[in-house]
Amino acid sequence: MLRDQLATFIRQNLLHDASQPVGPDDSLIDSGIVNSMGLLRLVSFIEQQTGVRLPDTMITPDNFETITAIDAAVQQVRGKATT
């Protein structure tokens, strides 16, 4: 499941303390977990894991605020690709 993969990636690559839990609705940007460099790393990870290329217009703070929001953005792109 993408949400689980995102949580693991964030814990292992973006947190200073990998034992800190990251919930699906925890704020990633407001808490400082994801900054501009982290955002680029997340986008790259998503593209590698899912094969979905997120358009630049979708790489916004709203779409990357939580794991739930990221997952919804990926699903939205997937939906557009299949229609």
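A few points on the structure. (Residues numbered from 1 in each chain as written. Predicted model: local features only at pLDDT ≥ 70, side-chain atom pairs only at ≥ 80, totals over all residues. Heavy atoms only, no water.)

On to the nonpolar core. Leu6, Ile10, Leu28, Leu42 and Phe64 are the most contacted members of the largest nonpolar core, which totals 25 residues. The set of elements that each furnish at least two residues to this core consists of α1 (2-13), α2 (36-50) and α3 (67-82). Not counting chain neighbours up to four residues away, the residues in contact with Ile10 comprise Leu15, Val22, Leu28, Ile33, Leu42 and Ile67. (Core = buried A, V, L, I, M, F, W, Y, C linked by side-chain atoms within 4.5 Å. Buried < 20%, exposed > 50% of the residue type's maximum accessible area, 1.4 Å probe, protein only. Helix = DSSP H or I, 4+ residues; strand = E, 2+ residues; numbered from the N terminus. Contact = heavy atoms within 4.5 Å.)

On to the pattern of salt bridges, then. When the charged atoms of two side chains lie near each other, side chains of opposite charge can form a pair. Taken as a whole and judged by the stated rule, the model has one salt bridge. Note that Asp71 and Arg3 form a salt bridge whose closest N and O atoms lie 3.0 Å from each other. With Asp71 in helix α3 and Arg3 in helix α1, the pair connects residues that are 68 residues apart, well separated along the chain. Arg3 gets classed as partly exposed once you look at its relative accessible area, which sits at 28%. (Salt bridge = Lys/Arg side-chain N within 4 Å of Asp/Glu carboxyl O.)

What follows is about α1. With twelve residues, α1 ought to run about 16 Å at 1.5 Å a step, and its terminal C-alpha atoms sit 16 Å apart, in line with that. What α1 keeps buried is the set Leu2, Leu6, Ala7, Phe9 and Ile10. When α1 is viewed along its axis, its buried side chains cluster within an angular range of 165° and face the same direction. (Expected span 1.5 Å × (residues − 1). Arc of directions from axis to C-beta.)

What follows concerns α2. For α2, spanning 15 residues, the distance from its first C-alpha to its last is 21 Å, which sits close to the expected 21 Å at 1.5 Å a residue. Looking only at α2, the buried set comprises Gly38, Leu39, Leu42, Val43, Phe45, Ile46 and Thr50. Projection of α2 onto a plane perpendicular to its axis shows the buried side chains occupying an angular sector of 165°, all on one side. Turned more than 90 degrees away from the buried face of α2 sit Ser36, Met37, Leu40 and Gln48, all of them exposed. Sitting at the head of α2, Asn35 places a side-chain oxygen 3.1 Å from the backbone nitrogen of Met37. Looking at the residues trailing α2, positive phi occurs at Gly51, about 75°. (Polar contact = N/O pair within 3.5 Å; in protein donor to acceptor, adjacent residues only side chain to side chain.)

Moving on, we come to the environment of Leu2. Within the secondary structure, Leu2 sits in helix α1. You can call Leu2 buried: its relative accessible area is 8%. Considering only alpha carbons, one finds Leu2 and Leu15, 13 residues apart in sequence, at a separation of 18 Å. When sequence neighbours within four positions are dropped, the list of residues in contact with Leu2 reads Thr50, Asp71 and Val74.

Without other data, these values stay purely geometric and don't point to any function.
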